[in-house]
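In case you want the letters, here they are:
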Amino acid sequence: MASRKTGIICAVRGCHNNWYKRKAHMEQECFIHRPRTRDECGCEAPYDLHPPPKNEESFRMWLKALNLKKPPKRPYVCSFHFVDKRPTEDHPIPEKWLGYEVPVKTPGRGVKRRADTEDGRTAPQSGSPTHNDGVTHWEVQALMDHTYILGEKKDICDREAQRGGEEPLAHAILKNDTSCVLYTGLSLSAFFDHAKYLEKFYKANFKLHVMDQILMTTMKLKLNLLQGDLAEIFDVSQGLVSRILSYWIDTMEENMRIHIRWLPRKTIRSAMPECFKETFPNTTCIIDCAETALQKPHKPDCIGESCSHYYSSNTIKYLVAIAPCGLVMFISPAYGGRCSDKFITQESGFLEYIRPGDEVMADRCFGIRDLLFETRVNFVLPAFTRKEGQLSDEDITATRRIADVCMHVERVIRRLKVFKIVSQTVPINLAHKMDKILRICAALVNMQGEIIHEDAD
């Protein structure tokens with residue numbers, strides 16, 4: 001293979017050595033024997049280009065080693081691809097850096113006759129087991145060459161026994177309250193009590209301790225770790241991690257609904273903090289909407305439904321209602337970011353929980369007064385300026401009082417977004433699970449400490 005510019009070139013794929021580069025290198029000044037060139041001083045060339053063998057069988061092996069779809073008539077190969085830098089009797093064909101992965105050669109199914117002893121049988125000299133044919137009682141060499149597999153199987157069995165044993169990995173990861181809050185968002189005692197409660201509903205058969213499965217799922221919710229990270233931590237495959245997460249998200253959502261309840265009016269009044277009793281003693285709940293970034297969908301219709309005018313990006317939107325004490329009493333399913341607060345309030349089922357005489361507090365952006373008026377519910381929201389100009393002193397004072405207590409719903413949403421699966425960008429393949437994930441995270445928020453404990457004196 002030759003051309004006017006490069007001359008002979010190396011036929012190995014990805015190799016750019018050619019005769020022109022070799023000649024230009026040899027015509028340069030030698031650093032050791034200045035001012036003579038490398039050709040004049042006799043220094044060795046960086047490589048040579050070796051022609052293919054003339055023997056037909058050797059030439060066929062040469063082409064097989066190059067593994068080219070359209071090989072040239074005379075495929076030259078440079079010195080870099082030979083074990084001895086040139087063709088020799090021991091290594092007559094190129095073997096190094098051929099531009100592709102060479103398949104591993106497996107030995108044939110040869111058999112080896114065992115040496116006879118006085119009793120006709122010979123015990124194996126080493127401690128490794130032998131593999132004999134059932135008829136001839138000869139050792140099968142192909143199996144004897146792979147006895148290392150037995151050690152791997154023993155290690156795998158040991159790991160599986162450890163996973164299914166009595167001591168879960170969770171006890172080693174969760175050493176104190178600090179590490180437990182970091183990985184799960186709960187205190188150490190709260191997490192283990194919660195795990196014992198969930199163990200009663202376990203019906204699958206994964207090769208991992210149930211406690212570790214619950215910890216894995218909670219770590220995914222809290223830290224939003226990659227499945228590869230969780231697989232490394234718990235020493236399992238990514239496929240098993242995916243199945244465990246999918247199973248436990250469904251199981252947790254179904255059995256953690258008891259932590260998100262609409263409290264009776266009497267309970268709300270008895271647990272109301274002092275900051276509400278002084279100014280808004282009839283408050284039933286505080287509502288607000290939150291958004292989470294969503295990976296941009298591929299379909300144009302989905303892009304339009306999830307496009308948020310407030311964030312100028314694709315988001316999911318959900319409604320959160322809390323009691324005056326800070327407990328999450330309602331969280332809606334996830335809607336597209338394009339949906340208005342009024343639409344979510346009407347479609348999420350929130351209006352089914354409020355009764356005549358209740359008092360709902362919200363931010364000024366909620367235009368749901370007409371919906372609440374039909375159910376005879378008092379709606380409290382900050383005053384806002386209209387065409388008449390500035391607010392009066394009474395409106396300013398009332399707005400400040402409402403803002404002082406309305407901020408607690410934002411604090412709850414901030415605590416909800418401590419779970420990074422809710423605060424970070426949601427991938428498209430997880431969007432169908434976000435309804436359940438939101439309810440699980442809201443239940444975990446309710447299992448944490450009081451959020452307005454400083455005002456409860």
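Q: Before we go on, may I ask you to explain the nonpolar core in this structure?
A: Most often, soluble globular proteins have nonpolar side chains that are buried together. Ranked by internal contacts, the top residues of the largest apolar core, which has 100 residues, are Phe191, Met216, Trp248, Ile287, Phe350, Val360 and Ile437. It is helix H19 (residues 434-446) that contributes the most residues to this core, nine residues altogether. In this structure, Ala11, Leu66, Tyr76 and Leu98 belong to the second largest nonpolar core, which totals 13 residues.

Q: Is there a simple way to explain the layout of surface pockets in this structure?
A: Taking a probe equal in size to a water molecule and rolling it over the atoms shows the remaining empty space. Estimates place the volume of the largest pocket at around 450 Å³. Lining the largest pocket are 19 residues, and of these Cys289, Glu291, Tyr310, Lys317 and Asp341 lie nearest its centre. Looking at the lining of the largest pocket, the elements with two or more residues in it are strand E5 (285-293) and helix H17 (393-416). Take the lining of the largest pocket: its biggest share by element is four residues, from E5. For the lining of the largest pocket, the per-class residue count stands at seven nonpolar, four polar and eight charged.

Q: What exactly am I supposed to notice about the packing of aromatic side chains here?
A: What describes a pair of aromatic rings is the distance from one ring centre to the other and the angle between the planes of the rings. Inspection of every chain in the model, using the stated rule, returns 13 aromatic pairs. Ring plane angle 75° and centroid distance 5.9 Å describe the contact between Phe206 and Tyr247, whose orientation is recorded as edge-to-face. Placement of the pair is Phe206 in the loop between helix H8 (188-199) and helix H9 (210-223) and Tyr247 in helix H11 (residues 238-255), with a sequence separation of 41 residues. Overall, the relative accessible area of 18% leaves Phe206 in the buried class.

Q: In this structure, what is going on with the pairing of strand E8 (residues 328-331)? I would like to understand it.
A: Successive side chains on a regular strand alternate, one facing one side of the sheet and the next facing the other. Judged from the three bridges that link them, strand E7 (residues 313-322) and E8 form a sheet pairing that is antiparallel. Counted as the bridge partner of Val320 is Ile331 from E8.

Q: I tried to follow the packing of H9 against H11 on my own but got confused; where do I start?
A: Between two packed helices, both the angle of their axes relative to each other and the distance between the axes serve to describe the pair. Interhelical geometry of H9 versus H11 gives an angle of 85° and a closest axis separation of 9 Å. In terms of orientation, H9 lies roughly perpendicular with respect to H11. Of H11, the residues touching H9 (which contributes Val210, Gln213, Ile214, Met216, Thr217, Thr218 and Lys220) are Val241, Ile244, Leu245, Trp248, Ile249 and Met252. For the contact of H9 with H11, the per-class residue count stands at nine nonpolar, three polar and one charged.

Q: Explain the side chain of Arg22 to me, please; I cannot follow it from the model alone.
A: Counting through the fold element by element, Arg22 comes out in helix H1 (residues 19-26). A residue is classified by how much of its surface remains accessible, and Arg22, at 17% relative accessible area, is buried. Apart from the residues within four sequence positions on either side, Arg22 is in contact with Ala45, Tyr47 and Asp48.

Q: Mind showing me how you'd approach the packing of H8 against H9 here?
A: Interhelical geometry of H8 versus H9 gives an angle of 115° and a closest axis separation of 10 Å. For the pair H8 and H9, the crossing hand works out as right-handed. For the pair formed by H8 and H9, the contact residues are Phe191, Phe192, Ala195, Leu198 and Glu199 on the first element and Val210, Met211, Ile214, Leu215 and Thr218 on the second. In the contact of H8 with H9, the residues fall into eight nonpolar, one polar and one charged.

Q: What should I look at first to understand the side chain of Lys220 in this one?
A: Looking at the element boundaries, Lys220 is found in helix H9. Among buried Asp, Glu, Lys and Arg side chains, Lys220 stands out as unpaired, with Asp229 the closest opposite charge at 8.5 Å. Here Lys220 is in contact with Leu225, Leu230, Leu245 and Ile421, once residues within four sequence places are set aside.

Basis of the calculations
Residue positions are given per chain, counting from 1 as you read along its sequence in written order. Local features in a predicted model are, by the rule used here, given only for residues with pLDDT of at least 70; side-chain atom pairs are given and counted only at 80 or more, and totals for whole chains, interfaces and linings are based on all residues. Side-chain metrics in this entry use all non-hydrogen atoms of the structure; hydrogen atoms and water are not considered. Nonpolar cores were defined as sets of buried Ala, Val, Leu, Ile, Met, Phe, Trp, Tyr and Cys residues, with membership established by side-chain atoms within 4.5 Å. Residue exposure (1.4 Å probe, protein chains only): buried if accessible area is under 20% of the type maximum, exposed if over 50%, otherwise partly exposed. Numbering goes from the N terminus for both helices and strands, where a helix is a DSSP run of H or I of at least four residues and a strand is a run of E of at least two. Cavities and pockets are found on a 1 Å grid laid over the protein atoms alone: a cavity is a set of points where a 1.4 Å probe fits but cannot escape, a pocket is an open set with protein on both sides within 12 Å along at least five of seven lines, and a lining residue has an atom within 4 Å of such a point. Grid points are joined across faces, edges and corners, and a volume is the space filled by probe spheres set on the points. Classification convention: Asp, Glu, Lys, Arg as charged; Ala, Val, Leu, Ile, Met, Phe, Trp, Tyr, Cys, Pro as nonpolar; all other residues, Gly among them, as polar. Aromatic pairs are defined between Phe, Tyr and Trp rings, using the six-membered ring for Trp, whenever the two ring centres lie within 6.5 Å; interplanar angles under 30 degrees are classed as stacked, those over 60 as edge-to-face, and all others as tilted. At least two bridges found by DSSP between two strands are what make those strands a pair. To define axes, lines are fitted to C-alpha atoms, for helices over the stretch in contact only, and angles between the resulting N-to-C directions are given on a 0 to 180 degree scale. Angle categories: roughly parallel below 35 degrees, roughly antiparallel above 145, roughly perpendicular from 65 to 115, and oblique for all the rest. We call two residues in contact when some of their heavy atoms are within 4.5 Å. Crossings are assigned a handedness: left-handed for a near helix turned anticlockwise from the far helix by less than a right angle, right-handed for a clockwise turn. The charge count includes Lys and Arg as positive and Asp and Glu as negative, but it does not include His or the ends of the chains. Whenever Lys or Arg places a side-chain nitrogen within 4 Å of a carboxyl oxygen from Asp or Glu, that contact is recorded as a salt bridge.

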